[in-house]
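Structural overview for review
Chain by chain, the residues run as shown.
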Number of protein chains: 2
Amino acid sequence: MKVSELGEFGLIERLARMVDQAQKGPAISGRQIIIGIGDDAAAWQGDAADQLATVDGFIQDVHFTLNGISWRELGWKALAANLSDIAAMGGTAQYALIALALPNDTEVDDVTELYQGIIELANEYRVAIAGGDMSTAPLVAINITVIGRAPGQGKILTRRAAQPGDRIAVTGYLGTAAAGLEMLTKKLQFDPEAEATFRKAFLHPQPRIAEGQLLVKHGVKTAIDISDGLISDLNHILRASQAGARLEVDRIPIHPAVKANFGNKAIELALSGGEDYELLFTGSAEIINRVTAQAACPVTVIGEIEPGQVGKIGLVGKDGRPYQPGKAGWQHFVTE
Amino acid sequence: MKVSELGEFGLIERLARMVDQAQKGPAISGRQIIIGIGDDAAAWQGDAADQLATVDGFIQDVHFTLNGISWRELGWKALAANLSDIAAMGGTAQYALIALALPNDTEVDDVTELYQGIIELANEYRVAIAGGDMSTAPLVAINITVIGRAPGQGKILTRRAAQPGDRIAVTGYLGTAAAGLEMLTKKLQFDPEAEATFRKAFLHPQPRIAEGQLLVKHGVKTAIDISDGLISDLNHILRASQAGARLEVDRIPIHPAVKANFGNKAIELALSGGEDYELLFTGSAEIINRVTAQAACPVTVIGEIEPGQVGKIGLVGKDGRPYQPGKAGWQHFVTE
């Protein structure tokens with residue numbers, strides 16, 4: 001079987017089981033894994049506080065192209081994706097390692113611009129760039145590892161703690177980054193303000209570190225960052241938590257500029273567009289209310305965790321009836 | 001200027017200076033970097049013990065080809081390169097993150113074999129595989145991050161502590177991995193025992209974790225692992241320590257099978273062949289003697305740190321006269 005047939009998530013699950021089996025008990029005695037393969041970041045028991053670590057590969061022509069994005073934006077975004085993973089655990093980012101693979105004919109100035117973008121974001125969150133690796137390659141690949149501190153014992157946000165009855169909520173707006181991607185790839189033109197909004201969402205995302213910590217403070221247990229898209233990332237929570245969900249499509253927060261410029265497509269961007277790096281989380285109505293009251297960004301309840309078929313996401317419209325998205329046919333998403 | 005013109009090490013130095021400048025003082029207050037960019041691993045102050053972290057990219061057709069190497073060997077070797085960096089700091093490896101980029105048509109069985117190789121070595125050193133990342137790519141890229149514990153305060157082995165008068169010593173044999181590479185790429189044939197030796201050195205290297213810790217125990221302060229080759233890696237020590245060196249060519253330890261099968265080329269393999277993952281270190285004669293007495297592997301003194309031109313390596317023969325390597329023209333290596 002090929003990797004493409006099994007799929008990325010299937011392969012990760014298989015490897016996670018392998019590692020689990022092989023590293024049981026004495027094999028790694030003394031190492032206290034709290035969260036292993038399959039969450040936004042790994043966590044283990046540290047000396048005083050628990051630690052978090054996450055790595056993300058950013059590969060040319062897979063995760064980005066060099067058209068329409070500056071090297072500085074690329075650097076910012078590559079680190080932002082990692083910090084977002086730390087945010088989704090409720091942690092604090094502390095140290096970063098930057099592994100770069102670059103074609104020989106890359107301009108040195110472009111590499112220093114890339115580092116400027118990384119440094120700019122790193123300094124905002126007091127992340128020390130501690131080391132890295134450099135090698136030649138036929139394409140640009142940026143692998144950033146971020147190591148940080150977990151919230152207090154038992155407080156780490158995971159994908160696996162969602163309970164039926166939990167409200168599903170999200171920070172900020174969804175689909176704005178996807179609007180930016182559409183704009184750049186299809187060379188769409190909008191008014192300057194909309195263009196700036198889309199561009200910023202796609203190329204200069206702000207990791208929700210403070211919000212992740214706020215979730216922890218108010219007793220949220222379940223979170224993920226929206227990197228693949230709302231449906232896909234909610235599905236990760238549902239599979240890890242062995243639950244289903246109901247999503248109220250009309251409540252999904254979409255930026256006015258996306259609504260105004262993308263019409264019917266806006267909801268599609270919000271449901272399946274990735275890279276918004278917003279936090280998707282669940283908790284009791286009371287907990288979500290407390291978070292909403294204190295968050296500096298919009299927090300919107302968009303649905304509820306339900307018992308029943310694991311991974312099933314029922315989309316409902318305003319009237320509570322199944323949402324009819326037209327030809328795309330999103331009624332529910334079930335994964336095996 | 002292109003990256004190829006500035007060179008990998010020049011680029012790393014430039015980026016290290018940039019980060020140093022940009023992250024001075026308050027920018028990353030609370031983060032206590034002990035060793036930043038430019039050593040085998042990064043080190044920072046942890047809660048109880050200091051921590052180490054290192055990342056290495058293994059990229060298809062740059063660091064390896066898929067001809068003549070099994071996926072299992074590839075997994076072992078990719079992790080070994082990282083553990084060797086931890087060994088070169090005198091530390092203990094604890095956790096690993098595996099970031100894989102794979103073409104869509106990669107066989108799932110090959111990926112599980114790769115993981116078998118990683119797990120096999122990880123279990124040998126009690127390294128917990130805590131997480132990672134997976135993505136598609138036009139070629140195979142394996143980025144492994146290893147996080148570990150540093151030896152006690154002030155005991156980390158660095159590249160920058162070599163002093164004039166220090167003996168230069170090395171563990172094991174040099175050039176054996178390069179012999180393996182020659183064998184595989186040129187499809188050379190040897191007797192089965194030699195073949196097994198070369199193959200093992202190139203594809204199944206044993207990181208010198210225990211030896212690194214032994215160096216620390218006996219007061220060694222300076223070490224590097226030989227990944228690029230003796231001359232290149234000694235040069236890293238000399239530049240970081242602002243010194244020169246004298247290497248006694250005839251004392252460089254070369255495996256009998258390399259000597260027997262590669263004749264005059266053996267010394268070239270030993271001087272510039274990389275990936276032996278042996279430790280190159282310096283210390284007083286007394287310290288080196290104590291290490292030699294207790295090490296489980298051969299330890300050989302091959303030269304001395306000298307004052308004078310930074311980065312200059314003088315090669316001398318048995319009689320103490322400049323070594324004449326023939327057409328290759330290695331008399332001394334000076335870098336700017």
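Structure report, in brief.

Observations concerning the interface of chain A and chain B
Put simply, an interface is often sized by how much accessible area is lost when its parts join up. At the junction of the two partners, chain A supplies 80 residues and chain B supplies 80 residues. Our count for the chain A to chain B interface comes out at 4 salt bridges. A salt bridge links K2 of chain B to E107 of chain A; its shortest N-O distance comes to 2.8 Å. Counting across the chain A and chain B interface gives 35 residue pairs in polar contact (both at pLDDT 80 or more). Of the residues forming the side of chain A that touches chain B, the biggest block, 9 residues, is contributed by strand β5 (residues 128-136) of chain A. Class assignment of the residues belonging to the side of chain A that touches chain B gives a composition of 45 nonpolar, 24 polar and 11 charged.

A look at the relation of the copies chain A and chain B
Superposing chain A onto chain B takes a rotation of 180° plus a shift of 0.0 Å along the axis, which leaves an RMSD of 0.0 Å. The transformation just described matches what one would write down for a two-fold rotation axis. Every residue of chain A has its C-alpha some distance from the rotation axis, and the shortest such distance is that of D47 of chain A, at 3.0 Å. Same-surface contact between copies: 100% of interface residues of chain A are shared with the interface of chain B.

Considering the sheet that holds strand β3 (residues 51-59) of chain B
The strand order across the open sheet built from 6 strands is β1-β2-β3-β6-β4-β5 (chain B), with neighbouring strands paired in mixed fashion. Each having just a single partner strand, β1 (33-35) and β5 (128-136) of chain B make up the two edges of the open sheet. Strand-to-strand, the axes of this sheet are offset by a mean angle of 20°, without reference to chain direction. Inspection of the sheet shows β1 of chain B paired to strand β2 (residues 42-44) of chain B by 2 bridges, in the antiparallel sense. Each residue of the ladder has a partner; that of I35 of chain B, found in β2 of chain B, is A43 of chain B. Sheet strands touched by helix α2 (residues 8-22) of chain A: β4 (92-102) and β5 of chain B. Its angle to β5 of chain B, the strand with the most contacts, is close to 160°. Of the strands in this sheet, β4, β5 and β6 (141-149) of chain B touch helix α4 (residues 108-124) of chain B, which is tilted by about 170° from β4 of chain B.

Structural notes on the pattern of salt bridges
All names here are of chain A. For the structure on display, the rule yields 38 salt bridges over all chains. The closest approach of N and O atoms between R159 and D40, which form a salt bridge, is 3.1 Å. Of this pair, R159 sits in the loop between β6 (141-149) and β7 (167-171) while D40 sits in the loop between β1 (33-35) and β2 (42-44), placing them 119 residues apart in sequence. Its relative accessible area of 6% is what places D40 among the buried residues. Residues joined in a network through salt bridges with shared partners are R246, E248, R251 and E306.

Re the packing of helix α3 (residues 71-87) of chain B against helix α6 (residues 192-203) of chain B
All names here are of chain B. The N-to-C vectors of α3 and α6 enclose an angle of 55°; their axes lie 9 Å apart at closest approach. It follows that α3 is oblique to α6 by the angle criterion. Across the interface between the two elements, E73, W76 and K77 from α3 touch R199, F202 and L203 from α6. Of the residues assigned to the contact of α3 with α6, the class counts are 3 nonpolar, no polar and 3 charged.

Calculation notes
- Residues numbered from 1 in each chain as written.
- Chains lettered and ligands numbered in written order.
- Predicted model: local features only at pLDDT ≥ 70, side-chain atom pairs only at ≥ 80, totals over all residues.
- Heavy atoms only, no water.
- Contact = heavy atoms within 4.5 Å.
- Salt bridge = Lys/Arg side-chain N within 4 Å of Asp/Glu carboxyl O.
- Polar contact = N/O pair within 3.5 Å; in protein donor to acceptor, adjacent residues only side chain to side chain.
- Helix = DSSP H or I, 4+ residues; strand = E, 2+ residues; numbered from the N terminus.
- Nonpolar A, V, L, I, M, F, W, Y, C, P; charged D, E, K, R; others polar.
- Least-squares fit on C-alpha atoms with pLDDT ≥ 70 in both.
- Pairing = 2+ DSSP bridges.
- Axes fitted to C-alpha atoms, helices over the stretch in contact; angles between N-to-C directions.
- Buried < 20%, exposed > 50% of the residue type's maximum accessible area, 1.4 Å probe, protein only.
- Parallel < 35°, antiparallel > 145°, perpendicular 65-115°, else oblique.

Honestly, it's all geometry; don't read function into it.
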